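Chain by chain, the residues:
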Amino acid sequence: MLVYYNTIIVLRGPRNPEIGGEPHRTVRKFSPQCDMTLQVFRLPTCVSSVTIRTMMSDTSFQRDQLLSQVDTSDIWDIVIIGGGATGGGIAVDAASRGYRTLLLEQSDFGKGTSSRSTKLIHGGVRYLEQGNLKLVTEALRERERLLHNAPHLVHDLSFVIPTSSRWSRFYYGLGLKAYDWLAGRQSFGRSQKISAGETRNHLPGLKQGIFSGGVLYHDGQFDDARLVINLMQTAVEQGAVTLNYCEVNELRKDSQNRISGVEFVDRESQQNYQVHANCVINATGPFSDAIRRLDDSQAPPLILPSRGIHLVLDRKFLGGSTAMLVPKTRDGRVVFAIPWHDHCVLGTTDTPVSEPLLEPGVSPEEIDFLLETAADYFDPAPTRDDILSTFSGLRPLVNPSGTMKSSKVSREHTLEVSESGLLSIAGGKWTTYREMAEDCVNQAAEVADLPRTPSVTANLKLRGADIDPSSSHHSGEWDTFGGDRRGIDELVKSHPDWGKRLIEEHQLTRAEVIWSVRQEMARTVEDILTRRERILLLNVRVAKLLAEPVADILAEEMGRDPQWRNQQIAEFNKLADSYLPSSD
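Residues numbered from 1 in each chain as written. Predicted model: local features only at pLDDT ≥ 70, side-chain atom pairs only at ≥ 80, totals over all residues. Heavy atoms only, no water.

Next up on the list: the overall build of the protein. When its secondary structure is counted, the protein shows 16 helices and 25 strands. Looking at the protein as a whole, 57% of its 584 residues are labelled buried. Restricting the contact set of the protein to residue pairs at least 6 apart, pairs at least 24 apart contribute 70%. (Helix = DSSP H or I, 4+ residues; strand = E, 2+ residues; numbered from the N terminus. Buried < 20%, exposed > 50% of the residue type's maximum accessible area, 1.4 Å probe, protein only. Contact = heavy atoms within 4.5 Å.)

Given below as structure tokens:
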């Protein structure tokens, strides 16, 4: 066994590297005081594989422990700004290649766009209609990989497009056959034209007497915020450091005006940190331009942010477990009605915005649009009084030349390297986050002259993927804790009272909250009720009932005083009120 600074390299089998052929990987020196460079060789099949584990991480996902590693590290290969889907995917890819990786998020992981999606892992039927076969093919391939790598969070979902004429049924049926063909062996199920009776069986809440049939097809659904958390945990298991509530406020440059690191503030302690990096990646989605202007105050806009809102209703409006797609509303937009965590999610809108915000809000006009669309399809039609919650997010679309209609803007991603070496990644979609990350890390290796190693994430199982098939814990279609449910069960075995519901109206337990604090880096009531659990997005009233018991647990676990506890409740209740339509 060789110990090289912060890395253990264990060679099982013969120690002579000559039997392994050409070097598979070069492990770079981590300290200027050490001039060694080790080479790791790919061993033949008669010799077991090389195992690399990073000593700096014991795979504990605890903020204080991870933050302490920032002080002890003199240089990072890659520093990532942004803790959403893209940043988390980059952290997993970079760390699993052996690059020393640090990720910094100004708020909580997934606070912005990545927790506010339409909850679909899909190839993109609308992109097929636009003729973007490349994006659809890539997304279908990544959809299959996500089902394999995160089976506790991704599953098949049936969709129906209701049709009112033979022509529309033929048209959409033909298009979805092309969708099947592009998916090939990665198909989640074959599409088929269905009768009016079959359409009503799949969508019991659908208006009768209007639709003559429909087209049934299959796509993927997931829990977005939970996947972000699992990405961060997986990155740490691979040797990265990922930190929430750490806000980057300066890009540091060397004498040649090249970016050499970042300065950030820990928003909990208000302590400032300076870190050196071979490459800095801007993965902040809608906020990318703000980071680019830390590098160059005159940088032209790269992002065209577009707001999408969703309404959450009782599941009775769908009446079943099948989703509905409206491929073309009165003004040409696409709307989904989706069963999710035993509710119905209706969305989404597509409204350009001038300024990106962490809480984009909703407008009365957007709510009216979705309710009017729903009234064309559902009986009874939902009203404002039926809305249990709303949520909105910003799409980080790449600013096109000559068009400002965001619904027509490509969802493909873009990489930009500034003159000073800042690497920005923008655009893309949730489904293709892994491929985006692979492209970005490949580019980062060139920018920073890092050793070239291939990505291994295509088949890398994410945290929680080792689900227990015998588990009786399920939230709707999933148990979103996946394999981590075993740890929660152990807490309950030690403290049986922790397995009881905190309130009668919801199944959340004390053990689950404690697990999220100890093992998922939850720091606030909002973190628990919005992203570790999805309660605020599903039902505002229930979320507000849980604020006090959750704040009590957090204060006890984190050693906070009553003032902090009361402030947490007040801040959460104020936020929760904004998730319902105004009474105006």
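With that settled, consider the pairing of strand β22 (residues 413-417). In this structure, β22 lies alongside strand β23 (residues 423-427), joined through 5 bridges in antiparallel fashion. From the neighbouring strand, Thr414 faces β23, where its bridge partner is Ala426. Counted along the chain from β22 to the antiparallel partner β23, the turn is 5 residues long, and its residue Gly421 has a positive phi close to 100 degrees. (Pairing = 2+ DSSP bridges.)

Within a regular strand, the side chains alternate between the two sheet faces. A large share of strand β19 (residues 343-347) lies buried, amounting to 5 of its 5 residues. Two elements, strand β16 (residues 303-314) and β19, share 5 bridges in a ladder whose sense is antiparallel. Paired with Leu313 across the strands is Cys344, a residue of β19. With antiparallel pairing between neighbouring strands as the criterion, strand β18 (residues 335-340) and β19 make up a hairpin whose turn holds 2 residues, including His341 at a positive phi of roughly 50 degrees.

Glancing now at unusual backbone geometry. Cis geometry is adopted by the peptide bond preceding Thr348, which originates at Gly347 and carries an omega value of 10 degrees. Within the secondary structure, Thr348 is located in the loop between β19 and β20 (351-352). Across the junction of Asp379 and Pro380, the peptide omega takes the value 5 degrees, indicating a cis bond. With respect to the helices and strands, the residue Pro380 is situated in the loop between α9 (364-375) and β21 (389-398).

Take the side chain of Thr163 next. Within the secondary structure, Thr163 is located in strand β9 (residues 154-163). Here Thr163 falls in the buried class, since its relative accessible area comes to 1%. The contact partners of Thr163, leaving out residues within four places of it in the chain, are Ser168, Arg169, Tyr172, Phe211, Ser212, Gly213 and Gly214.

So, about the packing of helix α13 (residues 525-532) against helix α15 (residues 540-558). Axis separation between α13 and α15 bottoms out at 8 Å; the angle between their running directions is 125 degrees. As far as their axial angle goes, α15 and α13 are oblique. Relative to α15, the crossing made by α13 is right-handed. Touching Val525, Ile528 and Leu529 of α13 are Ala543, Leu546, Ala547, Val550, Ala551 and Leu554, all from α15. Here the residues of the contact of α13 with α15 sort into 9 nonpolar, no polar and no charged. (Axes fitted to C-alpha atoms, helices over the stretch in contact; angles between N-to-C directions. Parallel < 35°, antiparallel > 145°, perpendicular 65-115°, else oblique. Left-handed = near helix turned anticlockwise from the far one by under 90°. Nonpolar A, V, L, I, M, F, W, Y, C, P; charged D, E, K, R; others polar.)

Turning next to the pattern of salt bridges. In total, this model carries 42 salt bridges according to the counting rule given. For Arg252, the salt bridge identified is with Glu263, shortest N-O distance 4.0 Å. Separated by 11 residues along the polypeptide, Arg252 in strand β13 (residues 246-253) and Glu263 in strand β14 (residues 259-266) bring together distant segments of the chain. A residue is classified by how much of its surface remains accessible, and Glu263, at 15% relative accessible area, is buried. (Salt bridge = Lys/Arg side-chain N within 4 Å of Asp/Glu carboxyl O.)

For the structure on display, the rule yields 3 cavities of 30 Å³ or more. Contributing to the lining of the largest cavity are 13 residues, with Asn149, Tyr433, Arg434, Thr457 and Leu462 lying nearest its centre. Of all the secondary-structure elements, those providing two or more residues to the lining of the largest cavity are α2 (85-96), α4 (133-149) and α10 (433-448). If you tally residues by element for the lining of the largest cavity, the top one is α4, at 4 residues. In the lining of the largest cavity, the residues fall into 6 nonpolar, 3 polar and 4 charged. (1 Å grid on protein atoms, 1.4 Å probe; cavity = no way out; pocket = protein on both sides within 12 Å on 5 of 7 lines; lining within 4 Å. Points joined across faces, edges and corners; volume = space filled by probe spheres on them.)

Attention now goes to the side chain of Thr322. Relative to the elements of secondary structure, Thr322 occurs in the loop between β16 and β17 (323-326). We classify Thr322 as buried; its relative accessible area is 5%. A distance of 3.3 Å separates polar atoms of two side chains, one belonging to Thr322 and the other to His202. If sequence neighbours within four positions are ignored, Thr322 has contacts with Ser158, Phe159, Val160, His202, Leu203 and Pro339. (Polar contact = N/O pair within 3.5 Å; in protein donor to acceptor, adjacent residues only side chain to side chain.)

Grouped together as the largest cluster of nonpolar side chains are 66 residues, with contacts concentrated most on Val262, Phe264 and Ile281. Among the elements that line this core, the one with the most residues is α10, at 8 residues. When sequence neighbours within four positions are dropped, the list of residues in contact with Phe264 reads Leu67, Val70, Leu104, Cys246, Glu247, Val248, Asn249, Gln271, Asn272, Tyr273 and Val275. In this structure, Trp340, Phe391, Leu546 and Ala576 belong to the second largest nonpolar core, which totals 40 residues. (Core = buried A, V, L, I, M, F, W, Y, C linked by side-chain atoms within 4.5 Å.)

Further remarks concern a nonpolar patch on the surface. Nonpolar side chains collect at one region of the surface, where Trp167, Phe170, Tyr171 and Leu174 lie side by side and expose about 470 Å² of accessible area between them. Position of Tyr171 among the secondary structure elements: in helix α5 (residues 166-183). (Patch = residues over 30% accessible without salt bridge, like charges linked within 9 Å, V, L, I, M, F, W, Y side chains within 5 Å. Areas by Shrake-Rupley, 256 points an atom, 1.4 Å probe, with all protein chains shown as cover.)

This part takes up the confidence of the model for the protein. Overall, the prediction assigns the protein a mean pLDDT of 86, with 85% of residues at 70 or greater. Between residues 1-58, whose pLDDT stays under 50, and residues either more than four places distant or in other chains, the model counts 106 contacts. Across residues 402-409, where pLDDT falls below 50, the model places 15 contacts with residues more than four positions away in sequence or in other chains. (pLDDT = per-residue confidence, 0-100.)

We now examine the packing of α2 against helix α7 (residues 224-237). Interhelical geometry of α2 versus α7 gives an angle of 25 degrees and a closest axis separation of 8 Å. Compared by their axis directions, α2 and α7 come out roughly parallel. Pair α2 / α7 crosses with left-handed handedness. Along the contact surface, α2 presents Ala85, Gly88, Gly89, Ala91, Val92 and Ala95, while α7 presents Val228, Leu231, Met232, Thr234 and Ala235. Here the residues of the contact of α2 with α7 are counted per class, giving 8 nonpolar, 3 polar and no charged.

The subject of this paragraph is helix α8 (residues 288-295). Those residues of α8 that fall on the buried side of the exposure criterion are Ser288, Asp289, Ile291, Arg292 and Asp295. Along the axis of α8, the buried residues cluster in a sector spanning 160 degrees; they form a single face. (Arc of directions from axis to C-beta.)

Further remarks concern the packing of aromatic side chains. By the definition in use, this model includes 11 aromatic pairs. Ring geometry for Trp167 and Tyr171: centres 6.0 Å apart, planes at 40 degrees, overall tilted. Of the two residues, Trp167 and Tyr171 both sit in helix α5, 4 residues apart, roughly one turn of that helix. Taking the relative accessible area as the measure of exposure, Trp167 reaches 58% and is therefore exposed. Aromatic ring contacts, followed pair by pair, group Phe159, Tyr179, Tyr217 and Phe336 into a single cluster. The ring centre of Trp76 lies 4.8 Å from the NZ or CZ of Arg100, which sits over that ring. The ring centre of Trp564 lies 5.6 Å from the NZ or CZ of Arg560, which sits over that ring. (Phe/Tyr/Trp six-rings, centres within 6.5 Å; stacked < 30°, edge-to-face > 60°. Lys NZ or Arg CZ within 6 Å of the ring centre and 35° of its normal.)

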